[in-house]
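In case you want the letters, here they are:
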Amino acid sequence: MATANRRGQGAHLGESGPAAGDLLLLATQMRRMNGEINRLVQEFAGTHSLHATDVHALAAILDAEEPMTPGRLREHLGLTSGAVTACVDRLERAGHVRRVRESTDRRVVHLHYPPEARAAARAWFRPLAEAAATARERFDEAEVAVVLRFLTAMNDELHLTRPADG
């Protein structure tokens, strides 16, 4: 598939028929789910005197496969260095993140999500986890594998829509 198609400019989006109806239903359900997750994120942010972007930063730190640095966080969130510094400052003041210099190069800062902050977030987002577990029970292993494949592919495609410089 060409890059233009991956950026949402493909001819398939102008089609009609059953495939277009399925795409519309899928898009509608994804928007509904995104709205519900955003509601939880906004409530968590408001309760903890954070911005929604701060919660996205926490998720990025939590999901990182290697220790997160402010530079990698900037790239992930698409923010300026100053905005990331302000975000990390808020998170650190609120006790959600610790800056740690772990290497011999003291300029390298890793961002850690402390266990006590993880516990607070886990408690807040428990309804989301419970909803996922309840929904999961409605599907067999093969169906869950397809859903995971779809979500992975969708995230990969969405990643391609990012600007080349960020």
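This report concerns the structure included in the present document.

The rules behind the values
- Residues numbered from 1 in each chain as written.
- Predicted model: local features only at pLDDT ≥ 70, side-chain atom pairs only at ≥ 80, totals over all residues.
- Heavy atoms only, no water.
- Helix = DSSP H or I, 4+ residues; strand = E, 2+ residues; numbered from the N terminus.
- Buried < 20%, exposed > 50% of the residue type's maximum accessible area, 1.4 Å probe, protein only.
- Contact = heavy atoms within 4.5 Å.
- Areas by Shrake-Rupley, 256 points an atom, 1.4 Å probe, with all protein chains shown as cover.
- Salt bridge = Lys/Arg side-chain N within 4 Å of Asp/Glu carboxyl O.
- Polar contact = N/O pair within 3.5 Å; in protein donor to acceptor, adjacent residues only side chain to side chain.
- Phe/Tyr/Trp six-rings, centres within 6.5 Å; stacked < 30°, edge-to-face > 60°.
- Axes fitted to C-alpha atoms, helices over the stretch in contact; angles between N-to-C directions.
- Parallel < 35°, antiparallel > 145°, perpendicular 65-115°, else oblique.
- Expected span 1.5 Å × (residues − 1).
- Arc of directions from axis to C-beta.

Remarks on the overall build of the protein chain
- Secondary structure assignment for the protein chain yields eight helices and two strands.
- Secondary structure of the protein chain in N-to-C order comes out as α-α-α-α-α-β-β-α-α-α.
- Residues classed as buried in the protein chain amount to 19% of the 166 residues present.
- For the protein chain, long-range pairs separated by at least 24 residues make up 48% of all intrachain contacts whose partners lie at least 6 apart in sequence.
- For the protein chain, the exposed area adds up to about 11500 Å²; of that, 56% sits on carbon and sulfur atoms.

Quick word on the pattern of salt bridges
- What the rule picks out here adds up to eight salt bridges.
- Salt-bridge contacts for Glu43 lead to Arg39; the nearest nitrogen and oxygen are separated by 3.5 Å. With Glu43 and Arg39 both in helix α2 (residues 18-47) and four residues apart, this pair spans about one turn of that helix.
- Two residues, Arg99 and Asp89, come together in a salt bridge whose shortest N-O distance is 2.7 Å.

Some thoughts on the side chain of Thr69
- Its place among the elements puts Thr69 in the loop between α3 (52-63) and α4 (70-77).
- Only 3.1 Å separates the side chain of Thr69 from the backbone nitrogen of Arg72, close enough to count as a polar contact.
- Residues in contact with Thr69, not counting those within four places in the same chain, are Val109, His110 and Leu111.

Some words on the environment of Ala94
- Within the secondary structure, Ala94 sits in the loop between α5 (81-93) and β1 (98-100).
- Between the C-alpha atoms of Ala94 and His48, which are 46 residues apart in sequence, the distance is 7.4 Å.

Details of the packing of aromatic side chains
- Evaluation of the coordinates by the stated rule reveals two aromatic pairs.
- Relative to Trp124, the ring of Phe44 has its centre 5.9 Å away and its plane inclined at 70 degrees; by these criteria the two rings are edge-to-face. Taken as a pair, Phe44 in helix α2 and Trp124 in helix α6 (residues 115-124) lie far apart in primary sequence, 80 residues in all.
- A residue is classified by how much of its surface remains accessible, and Phe44, at 1% relative accessible area, is buried.
- Considering the side-chain rings of Phe44 and Phe125, the 5.2 Å spacing of their centres and the 40 degrees angle between planes classify their relative orientation as tilted. Here Phe44, found in helix α2, pairs with Phe125, found in the loop between α6 and α7 (126-136); they are 81 residues apart in sequence, far enough to count as distant.

Here we look at the packing of α4 against α5
- Across the interface, α4 lies against α5 with an axial gap of 9 Å and an inter-helix angle of 110 degrees. It follows that α4 is roughly perpendicular to α5 by the angle criterion. Contacts from Pro70, Leu73 and Arg74 of α4 reach α5 at Ser81, Val84 and Val88.

With respect to α5
- With 13 residues, α5 should cover 18 Å at 1.5 Å per step; its first-to-last C-alpha distance of 18 Å lies within 8% of that length.
- Within α5 the residues assigned to the buried category are Val84, Cys87, Val88, Arg90 and Leu91. Summarising the axial view, the buried residues of α5 lie within an arc of 160 degrees, below the 170-degree limit, and thus occupy one face. Across α5 from its buried face, at more than 90 degrees, point the exposed residues Ser81 and Arg93.
- Buried positions along α5 lie against α3, α4, β1 and β2 (110-112).
- Positioned one or two residues after α5, Gly95 has a phi angle of 80 degrees, which is positive.

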